[in-house]
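Survey of secondary and tertiary structure
So you can see what is in the structure, the chains are spelled out below.
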Amino acid sequence: MPIAELNEIVYIAGEKKILDGFSLSIESGEIHALLGTNGTGKSTLAYLIIGCEGYRPTSGEIIFDGRVINELPIHERAKLGITMAWQEPVRFEGISVRDYLTIRNKDIDPAYYLEMVGLHPEFYLHRMVDKSLSGGERKRIELASILALNPKLAILDEPDSGIDMLSTQDIINVINAFKENGSSVLLITHREEIALIADRASQICGGKVVFSGSPHEVAEYYKSREC
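Residues numbered from 1 in each chain as written. Predicted model: local features only at pLDDT ≥ 70, side-chain atom pairs only at ≥ 80, totals over all residues. Heavy atoms only, no water.

**Quick word on the overall build of the protein chain**
For clarity, the cut-off: A run of H or I in DSSP becomes a helix once it reaches four residues, and a run of E becomes a strand once it reaches two; helices and strands are each numbered from the N terminus. It is over C-alpha atoms that the radius of gyration is taken, and the globule rule equals 2.2 Å times the number of residues to the power 0.38. For every residue, the accessible area (1.4 Å probe, protein chains only) is compared with the maximum for its type, and the residue is labelled buried under 20%, exposed over 50%, or partly exposed between those bounds. Every residue pair with non-hydrogen atoms within 4.5 Å of one another is taken to be in contact. Computed with the Shrake-Rupley method and a 1.4 Å probe, the accessible areas treat only the protein chains shown as cover for residues. Charge convention: Lys and Arg are scored as positive, Asp and Glu as negative, and His as well as the terminal groups of each chain are ignored. Every charge is mapped onto a representative atom, which is NZ of Lys, CZ of Arg, CG of Asp or CD of Glu.
Secondary structure summary: the protein chain contains nine helices and ten strands in total. Relative to a compact globule of 227 residues, whose C-alpha radius of gyration would be 17 Å, the protein chain shows 17 Å and is just as compact. Each principal axis of the C-alpha distribution contributes one length, and for the protein chain these read about 50 × 40 × 35 Å. Put simply, the protein chain has 227 residues, and 50% of those count as buried. Look at the contacts in the protein chain between residues 6 or more apart in sequence, and 65% of them connect residues 24 or more apart. Accessible surface for the protein chain amounts to roughly 10500 Å². Of this, 49% is attributable to carbon and sulfur atoms. One way to put it: in the protein chain the 23 positive side-chain charges average out to a point 3 Å from where the 33 negative ones average out.

Laid out in structure tokens, this is it:
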């Protein structure tokens, strides 16, 4: 049964149609990769699902867990279990890594979530979130904080963006951690090698899904066609 469905989503900003009849379903417990080049509407779609201010479909339905959520604000969608890792690491400072990971739930073990994203707890728990952390470290800490929320749906927008000196396998391990933690994942990427981790994949072009199938099928389609 789908945890999320996007039915004929149209989104117009000003006079520009960014999404044009976009339809996609994300099954419960799956990683679904959305593959596409820059400028095809991938991040806009993520903002519509998460409910960012100013982002509502011009037409079409966003259904989550059987409920139409088009008009729900971002905090209500968060309560339902939708969360997102932004393409750029969140700019947060002046708090310890331990406090950042436990700010919403004091009962979790922050060390567990740091280990899931490949950071050694003994080295990071007492560090401050400040400019001494690299962009990659900040990104991993953000991903750990989202894992700690145990979301029903995690939207990962270009999860390898801003992560320095990580192999593809490192990135895959982090993405897999969400599935192992019980979350469904919408994996947004422009890299076919990252999309291969998914259970299913779709390509977006011109604001709509142009092909869906296995990750290998979609990756080959993506490589052979310009969008």
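**What about the sheet that holds strand β2 (residues 16–27)?**
Put simply, the rule is: Only when DSSP finds a minimum of two bridges between them are two strands counted as paired.
As summarised here, the arrangement of the four strands in space is β2-β1-β4-β5, forming an open sheet in which the pairing is antiparallel. In this open sheet, the two strands that pair with only one neighbour each are β2 and β5 (67–68). Relative to strand β4 (residues 59–64), strand β1 (residues 2–13) runs antiparallel, the two being bridged by five bridges. Looking at the pairing, V10 lines up with S59 of β4.

**Examining unusual backbone geometry**
A positive phi angle, near 55 degrees, is found at D65, a position not held by glycine. Inspection of the secondary structure puts D65 in the loop between β4 and β5. Of the residues examined, D65 reaches a relative accessible area of 39% and is grouped as partly exposed. Positive phi outside glycine occurs at N150, with the angle close to 50 degrees. Position of N150 among the secondary structure elements: in the loop between α6 (135–149) and β7 (153–157). What makes N150 partly exposed here is its relative accessible area of 45%.

**Digging into helix α1 (residues 42–50)**
Counting buried residues in α1 gives seven out of nine residues, a clear majority hidden from the surface. Turning to α1, its buried residues number three or more, namely K42, T44, L45, A46, L48, I49 and I50. Directly beyond the C-terminal end of α1, a positive phi value near 90 degrees is found at G51.

**Description of the nonpolar core**
What counts here: Nine residue types can take part in a nonpolar core, namely buried Ala, Val, Leu, Ile, Met, Phe, Trp, Tyr and Cys, and a core is a set of them joined through side-chain atoms within 4.5 Å.
Membership of the largest hydrophobic core comes to 41 residues, with the highest contact counts inside it found for L114, I141, L156, I175, F178 and L187. By size, the runner-up hydrophobic cluster in this structure holds 27 residues, among which are Y11, L19, L48 and C52.

**Considerations on helix α9 (residues 215–224)**
In an α-helix, one turn spans 3.6 residues; hence positions three or four apart end up facing the same way. We apply this condition: Of all possible arcs, the one meant is that of the directions from the helix axis to the C-beta atoms.
Considered for burial, the residues of α9 that qualify are P215, V218, A219 and Y222. Projected down its long axis, α9 shows its buried positions confined to an angular sector of 100 degrees, all on one face.

**Things to note about the pattern of salt bridges**
Between side chains of opposite charge, a pair can form as their charged atoms come close. Rule in force here: For this analysis, a salt bridge means a side-chain nitrogen from Lys or Arg found within 4 Å of a carboxyl oxygen belonging to Asp or Glu.
In this structure the tally under the stated criterion is ten salt bridges. With a closest N to O distance of 3.8 Å, R127 and E137 form a salt bridge. With R127 in the loop between α5 (121–124) and α6 and E137 in helix α6, the pair connects residues that are ten residues apart, well separated along the chain. In this structure, R127 and E137 share a single accessibility class: buried. Between K223 and E220 there is a salt bridge, with the nearest N and O atoms lying 3.0 Å from each other. One end of the pair is K223 and the other is E220, both in helix α9 and three residues apart, which spans about a single turn. On the basis of relative accessible area, E220 is assigned to the partly exposed category, the value being 47%. Three or more residues are tied together by salt bridges with common partners; here these are K17, D20 and K208.

**Re the sheet that holds strand β8 (residues 184–189)**
Note the cut-off: Axis definition: a line fitted to C-alpha atoms, limited for helices to the stretch in contact. Angles are taken between N-to-C directions and run from 0 to 180 degrees.
Spatially, the six strands line up as an open sheet ordered β6-β7-β8-β3-β9-β10, and their pairing is mixed. For this open sheet the edge positions go to β6 (82–85) and β10 (208–213), each flanked by a neighbour on one side alone. For this sheet the average axis-to-axis angle between neighbouring strands, irrespective of direction, equals 20 degrees. Note: strand β9 (residues 200–205) against β10, five bridges, orientation antiparallel. Along β10, the bridge assignment pairs A201 with G213. Along the sheet, α1 makes contact with β3 (31–35), β6, β7, β8 and β9, crossing β6 at roughly 145 degrees. Its contacts with the sheet put α9 on β3, β9 and β10, and the angle it makes with β10 is roughly 130 degrees.

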